[in-house]
Structures are given as C-alpha cells and as structure tokens.
Amino acid sequence: MSAKYYANYLPKHFDNFDCLKLAPGIYVILLFVLRAYIIWLMSVTNMRDNVGFIQWVYPQTALFYLNLASGVIGLFIVLILSLRRPKAQTWIRTCWKKCKMLLILALIFDLSIGVLGYFVWQLQSLAWILMHCLLVISAIVYILRSKRFTINIAEFPEVLPEINTRKHRKTKGLDID
C-alpha cells in the first residue's frame, strides 16, 4: 500500500509489527455476532443461577442455540485474529484475506437465523427483527466502506529487522563506555 493510505494515522495507530491496528468497529461487530457466546459465558460465571440469565435474554432457548450456531463464523474470525502474527501458516494468511467476506457472511447468517426464528417459530418480535436488519445493514456498510479495515485486510504482520542498537550507536559515535 502506498503512503497516501496511511497519511491520516499517527504512530499510536500502529502495532509492534508496523501494521495498522484493527478498526475498532470490527470489534463491535464481532461482539454483536458473538452475543450468544458472551451471554453464555456470563451465565456460566454466575454461580447463583447459571440458566436464569440466558432465559432472561433468550426467553426461547431455541433462539439461544440458533444464535450459538450463527456465531460459529464469528468464533472462526476471532481465531484468525488471534493467530495473525509473523510467520503464520499459509491458511491463516489466506483466511485473513477473506475476513471481510467471512464477517459479512456471519452477519447475513445471523440475520437469517433471526428471520427464520421470527417467521417459522415466532421466537422474536417484529420490532427486534427490524432493529436486527438495521444493525446488520449498518455493519455491512461499515465493513465495505471502512478504509481502515481495507488497509487491515491488505496488511499482514511481518518480522521486522532488528537493529543491533549498541552496534548502531557505536558506529554513530553515540556510545560512551
């Protein structure tokens, strides 16, 4: 990528491998896609009532299980994010290049589960489905229009050359022994 793409970013926007840090909106989108897993983890950590919290958020347990299924793609994206580092295996690099498409697919799958839950099993209200559609459309537009996420997808961490600072400082006459 040329320098013009990086003109609006400060050094604090880059990680240890000189890659632009992941766009913050992507984390929000992942939280949305993985909401059933987050609810599940919150209920597991609640020692008093493990199932009560799930039942409060998901009155129909079938919808909870369907949202767990729709979050599988989100879990895979989190796995790719956690394995994205220098010297990563080829399949991780390949999957990283397809992360935009995977995230959009996760959102569409999540929405289709919600719509299916509404029309087939009457598990959700119309207001929730409309809000869900609005959230998914907004997230997809963000993914497609985010310049930062486009840069993120184009980059992949590489091993940076280490400069022997002591040797470098001696050659510059800066090292005093």
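The coordinates are above.
So, how was this worked out
Residues numbered from 1 in each chain as written. Predicted model: local features only at pLDDT ≥ 70, side-chain atom pairs only at ≥ 80, totals over all residues. Heavy atoms only, no water. Phe/Tyr/Trp six-rings, centres within 6.5 Å; stacked < 30°, edge-to-face > 60°. Lys NZ or Arg CZ within 6 Å of the ring centre and 35° of its normal. Salt bridge = Lys/Arg side-chain N within 4 Å of Asp/Glu carboxyl O. Helix = DSSP H or I, 4+ residues; strand = E, 2+ residues; numbered from the N terminus. Buried < 20%, exposed > 50% of the residue type's maximum accessible area, 1.4 Å probe, protein only. Axes fitted to C-alpha atoms, helices over the stretch in contact; angles between N-to-C directions. Parallel < 35°, antiparallel > 145°, perpendicular 65-115°, else oblique. Contact = heavy atoms within 4.5 Å. Nonpolar A, V, L, I, M, F, W, Y, C, P; charged D, E, K, R; others polar.

Participant: Before we go on, may I ask you to explain the packing of aromatic side chains in this structure?
Facilitator: This structure, assessed with the given rule, holds 5 aromatic pairs. The rings of Tyr58, Phe64 and Tyr65 are connected pair by pair, giving a single aromatic cluster. Between Arg35 and the ring centre of Phe32, over which it is positioned, the NZ or CZ distance is 4.4 Å.

Participant: Would you mind going over the pattern of salt bridges with me for this structure?
Facilitator: Oppositely charged side chains can pair when the atoms bearing their charge come close. Per the counting criterion, the structure on display carries 2 salt bridges. We note a salt bridge from Arg35 to Asp110, for which the minimum N-O separation is 3.2 Å. One end of the pair, Arg35, is in helix 2 (residues 35-45); the other, Asp110, is in helix 7 (residues 99-119), with 75 residues separating them in the sequence. Taking the relative accessible area as the measure of exposure, Asp110 reaches 0% and is therefore buried.

Participant: Sorry, what's going on with the packing of helix 7 against helix 9 (residues 147-154) here?
Facilitator: If you want to describe how two helices pack, look at the angle between their axes and the distance between the axes. Between helix 7 and helix 9, whose axes approach to 10 Å, the crossing angle comes to 125°. By the angle between their directions, the pair helix 7 and helix 9 is classed as oblique. Residues Cys99, Lys100 and Leu103 of helix 7 form the contact with helix 9, whose participating residues are Phe149, Thr150 and Ile153. Taken together, the residues of the contact of helix 7 with helix 9 sort by class into 4 nonpolar, 1 polar and 1 charged.

Read these as geometric descriptors, not functional statements.
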